[in-house]
Amino acid sequence: MEKNLAGDILTIGGKELSSRLFLGTGKFANNRIIPEVVSASGSQVITVALRRIDPAYNEENIVGYIPKQCTLMPNTSGARTAEEAVRIARLARATGCGNWIKIEVISDNRYLLPDNIETIKATEVLAAEGFIVLPYMSPDLMSAKRLMEAGAAAIMPLGAPIGTNRGLKTKEMVKIIIEEIPLPIIVDAGIGRPSEAAEAMEMGAAAVLVNTAVATASNPVVMAEAFGLAVAAGRKAYLAGPGAIQGYAAASSPLTGFLHE
């Protein structure tokens, strides 16, 4: 069934977004490229680790390189418990970074997989304090339901382990979450190619968040543009309603009928 193509706006925490590509700011060789990357991608939401925000030193403060029209979404990278994530989020708001927060709670040193239990705890506390909470999580339906109940504004399941560029390895689990959870589902981590971002959007994801794939590309600016186009194309394909997949051949033109006469 075709969905509404006109006025397709993503709304999170009362903020309307026309771009469905979120960008991370880690791993860039030079912060000075960030404004150009953001412009090329069309992204309106940018995430940054609080430990990289230093208001005392303007030249080193990464926030100075993020265009003012973008929504800043600090993340709690480095937190290993819910308590640490809550403390980081409060510090971010106290330093003037607003009330959007991406919750990252990771205690697994090898695979860097999110701790869903601690993430749920942090989400509940911060949502009650008025934060717009976007939790990063290992794709699990029951955990996603508990995050929604805890007050998450959106849910961010990983596509593959963070920083791997391996793509949508959790595709089936993410698809279940998209189908069952009535919140924006943002695929975060692991997406390495624009085609994979388009695939996530075709599945019905509300947005994708990309960092490593852009920052480690030979030309980050061009790659950012490619991701922006891919996300828009994938979203448009989802709204258009892709045709059914069939297990047998079917002629695309009735003119071929004479072959069977």
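Right, let's walk through the structure included here. (Residues numbered from 1 in each chain as written. Predicted model: local features only at pLDDT ≥ 70, side-chain atom pairs only at ≥ 80, totals over all residues. Heavy atoms only, no water.)

1. Observations regarding helix α4 (residues 141-150)
Since the α-helix packs 3.6 residues into each turn, any two residues three or four apart lie on the same face.
Point 1. When we look at burial in α4, the residues that qualify are Leu-141, Ser-143, Ala-144, Leu-147 and Ala-150.
Point 2. Positioned one or two residues after α4, Gly-151 has a phi angle of 110°, which is positive. (Buried < 20%, exposed > 50% of the residue type's maximum accessible area, 1.4 Å probe, protein only. Helix = DSSP H or I, 4+ residues; strand = E, 2+ residues; numbered from the N terminus.)

2. Focus on the pairing of strand β5 (residues 71-75)
Point 1. Taking burial as the measure, the 5 residues of β5 include 5 buried ones, the bulk of the element.
Point 2. When strand β4 (residues 45-49) meets β5, the two strands line up parallel, connected through 5 bridges. Looking at the pairing, Val-45 lines up with Thr-71 of β5. (Pairing = 2+ DSSP bridges.)

3. Considering the packing of aromatic side chains
Point 1. Scanning all chains against the criterion turns up 0 aromatic pairs.
Point 2. Taking the ring centre of Tyr-136 as reference, the NZ or CZ of Lys-102 above it sits at 5.1 Å. (Phe/Tyr/Trp six-rings, centres within 6.5 Å; stacked < 30°, edge-to-face > 60°. Lys NZ or Arg CZ within 6 Å of the ring centre and 35° of its normal.)

4. Section: the pairing of β4
Point 1. Of all 5 residues in β4, 5 are buried; the element is thus mostly enclosed.
Point 2. Alternating residues of β4 divide into Val-45, Thr-47 and Ala-49 and Ile-46 and Val-48, and every residue in both groups is buried.
Point 3. A crossover links strand β3 (residues 21-24) with its parallel partner β4, the connecting element being helix α1 (residues 34-41), and its sense is right-handed. (Right-handed = clockwise from strand over helix to strand, strands pointing away.)

5. Some points on the packing of α1 against helix α8 (residues 220-240)
Point 1. Running from amino to carboxyl end, α1 crosses α8 at an angle of 25°, the nearest separation of the two axes being 7 Å. Between α1 and α8, the crossing angle belongs to the class labelled roughly parallel. Crossing handedness for the pair α1 and α8: right-handed. Facing α1, whose interface residues are Glu-36, Val-37, Ala-40 and Ser-41, α8 presents Pro-220, Val-221, Ala-224, Glu-225 and Gly-228.
Point 2. Class assignment of the residues belonging to the contact of α1 with α8 gives a composition of 5 nonpolar, 2 polar and 2 charged. (Axes fitted to C-alpha atoms, helices over the stretch in contact; angles between N-to-C directions. Parallel < 35°, antiparallel > 145°, perpendicular 65-115°, else oblique. Left-handed = near helix turned anticlockwise from the far one by under 90°. Contact = heavy atoms within 4.5 Å. Nonpolar A, V, L, I, M, F, W, Y, C, P; charged D, E, K, R; others polar.)

All we've got here are geometric facts, nothing functional implied.
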